Amino acid sequence: KQWYQRRVVITAGMMNMMDPSMMMMMPQMLAMAQMAMSQNATAGGGKKKKKSNWTEHISPDGRTYYYHSETKQSLWTKPEELMTPAERILSKCSWKEHKHAETAKIYYYNSDTKESTWTAPEEFTKMKEDIQKLEEKKEDSDDENDDEDESDKETEAKPEIKKEESDGEEVVYDSKEDAKNAFKQLLRDKGVGSTATWENAMKLIATDKRYNAIPKLNEKKQAFNAYKTQKGKEEKEEERQAAKQAKETLYEYLITHPHMNSNLLYRKANDFFETHKEWSIVPDRDRKDVYEDAVFFLSKKEKKEEAELRAKQKEELAILFEDVKDIVYKTTWAEAQEVLGSYKPFKNNILFENVDKEDMLMVYMEHVKALELDFEDEKQKKYAKERRSHRVNRDNFIKLLTELHGKKKLDSTSLWADLYPTISKDSRYSVMLGQPGSTPLDLFKFYLEDLKSTMHDDKKMIKDVLRQAGFDVEPDTSYEKFHSIISNNEKTKLIDKGNIKLHFLNLLEKAEAKEKEAQRAEERKIKRKETAFKHMLKDATPPITAHDEWAETKIRFEKDPAYTAFPDDNSKAKLFKDFVASIEPESNSDDYDKHKKKRHKKEKKHKYRSKRSPSYNMTGSSEEDRKKKHKKADNESEEDSKKKEKSTDSTLR
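Residues numbered from 1 in each chain as written. Predicted model: local features only at pLDDT ≥ 70, side-chain atom pairs only at ≥ 80, totals over all residues. Heavy atoms only, no water.

A. Expanded view of the side chain of Ser414. With respect to the element layout, Ser414 can be found in the loop between helix H15 (357-406) and helix H16 (416-424). Looking at Ser414, its side chain comes within polar contact range of the main-chain nitrogen of Asp411, at 2.8 Å. If we skip the residues at most four places from it in the chain, Ser414 touches Lys409, Leu419, Phe444 and Leu448. (Helix = DSSP H or I, 4+ residues; strand = E, 2+ residues; numbered from the N terminus. Polar contact = N/O pair within 3.5 Å; in protein donor to acceptor, adjacent residues only side chain to side chain. Contact = heavy atoms within 4.5 Å.)

What follows is the structure in structure tokens.
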């Protein structure tokens, strides 16, 4: 729009110099210029942004928030409508830049993956480069617009410059790139800064022959803008390096200064260092960050030095405790403190002036624990030594028993009481008295059990010897005879004498049991014969009465097998007599009935008294007790009758 306005002014000034025919065409030219101006203004107005409904406000606590006038919505984050292109690019990246609260160092945090890192991620770095390119592009476009506004003034000055340059020799360059570099070098040599305008630069470079290295003015301005961008980067980098060097110098100055420590506040440090050059050249914002880094470093350094000092004190205390002989594993902490208080190497050592009580207690506990372990080790060694001694004593006592066994004084059937007079005289017995573990009597029993444990194998060999000799043990066989057969054989010569005797007693017991079984079989046979004889008498027809005589009755049974089974006539007569005696007369049955009725009457009388007087139940016997007594009496009578029958049977036998 300004360009067209300038063209209109220039055209109006030139009208006086034109001929009349040209002046007649000027209204048409002015109309076209106005039309172009209106179209440009309309186009420019169409590019204006519509006013946003979002407005920025400050909350009472100082925080910035954004309010939408139509939707009445409030946000803490900046809406996209109000964002600049660089902010839009930044909002799309999940990585955000933050400053650590304690160390003031920059770190990066990913809101999606919840990751954090001290180094800038590749995605964040790429985003920064895109933003920088966008800003450079914007600066170039702004510079081009400014150059267009000044193009008329430069066109008027250009002929004069060419005239001045025509006086010198024109330089020819091999390529367009070399010409641009020569023009940029001219700007650099003349000290043109990144903030200089084209007019100011022209005053410095117009008289130099390198000015005409680029013939076109538009290309000169493009090279000038590129130079300004590059120069701006260089100046920024120089400023950054200078600021970095100043911060590093201040950091080294603070961490090495004797007045500086981790407990010094920034306010007091500012008052103390404000006249120092290293402090004043750093801006206040960066200075505080450097100060916090230095404090953090000094804090770590002081902690490390303190830890090293404490470690040294602990090491020296441990050596000191080793030298103090009055502290043993039973010594308490209070007693140990008293001992150390009077110990000169501890009192006179500067290292222990500010020693921490807790560290002393820890070293003391470790020392006492080591003493306890040493004491337990000595105790275990002593106990192991005693156990070895006791084991040797037991082994020697077993050797004593083995010697007695070899001398035929001890066997598997020996008794402790019989061998005690012999054993007690030996020293191997006396050293075992009072020691823990197995006693001499226990070892004696264990030794006999070991001897008896070979009984199974010894029994097989003894049986083989008896089988070869054709000898059987009978109830009346003597041990001397049995032993002579066994001891004369080479197989059984080494068998324990007690095992031989035990096996003999076992065989003798079996022989006696066999004989008794034969006797019982014979008795059962006689019993069956007697039973058959009694059944014969009981089943006799006509029945036998109590008045019959054996001499008259036996003729009836001479052909019966039960009668002929008994060869002895006396046994037959005795069985007949017992049978006749077992026949009960009628009077005996009547007496039993009378006795039963009398007992029932007596029980009825007791029952009546218990109902009539409750005290009778308390003093007298109950009904159940009486029944038990009667039952017991009946059982005793039955047992007596059974005993009588047994005695009768034994008499018959």
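B. Local environment of the pattern of salt bridges. Applying the stated criterion across every chain, the model contains 14 salt bridges. Between Asp189 and Arg210 there is a salt bridge, with its nearest N and O atoms 3.0 Å apart. Taken as a pair, Asp189 in helix H7 (residues 176-189) and Arg210 in the loop between helix H8 (198-205) and helix H9 (217-256) lie far apart in primary sequence, 21 residues in all. Look at Asp189 and you get partly exposed, because its relative accessible area is 45%. The partner of Glu403 in a salt bridge is Arg428, with the nearest N and O atoms 3.0 Å apart. Taken together, the residues Glu403 in helix H15 and Arg428 in helix H17 (residues 427-430) connect sequence positions 25 residues apart. Residue class for Glu403 comes out partly exposed when judged on its relative accessible area of 39%. Ionic contacts of the salt-bridge type, sharing partners, join the residues Asp189, Asp208 and Arg210 into one network. (Salt bridge = Lys/Arg side-chain N within 4 Å of Asp/Glu carboxyl O. Buried < 20%, exposed > 50% of the residue type's maximum accessible area, 1.4 Å probe, protein only.)

C. Structural context of the nonpolar core. By size, the foremost hydrophobic cluster in this structure holds 18 residues, and its most contacted members are Phe183, Leu187, Val192, Trp198, Ile205, Tyr211 and Phe224. For this core, the secondary-structure elements that each account for two or more residues are H7, H8 and H9. Top element by residues in this core is H7. It accounts for 5 residues. Once residues within four sequence positions are removed from consideration, Ile205 is found in contact with Phe183, Leu186, Leu187, Lys190 and Tyr211. Among the nonpolar cores identified, the runner-up in size contains 16 residues, and Met260, Tyr266, Val290 and Val295 belong to it. (Core = buried A, V, L, I, M, F, W, Y, C linked by side-chain atoms within 4.5 Å.)

D. Representation of a positive patch on the surface. A surface patch of like charges, here positive, comprises Lys385, Arg387, Arg388 and Arg391. Looking at the element boundaries, Arg391 is found in helix H15. With relative accessibility at 41%, the residue Arg391 sits in the partly exposed group. (Patch = residues over 30% accessible without salt bridge, like charges linked within 9 Å, V, L, I, M, F, W, Y side chains within 5 Å. Areas by Shrake-Rupley, 256 points an atom, 1.4 Å probe, with all protein chains shown as cover. Lys, Arg positive; Asp, Glu negative; His and termini not counted. Charge placed at Lys NZ, Arg CZ, Asp CG, Glu CD.)

E. Highlighting the sheet that holds strand E5 (residues 106-110). Taken together, 3 strands build an open sheet; the order of strands is E4-E5-E6 and the sheet is antiparallel. Unpaired on one side and paired on the other, strand E4 (95-99) and strand E6 (116-117) mark the two borders of the sheet. Examined bridge by bridge, E5 and E6 share 2 bridges and lie antiparallel to one another. When the sheet's bridge partners are listed, Tyr109 is paired in E6 with Ser116. (Pairing = 2+ DSSP bridges.)

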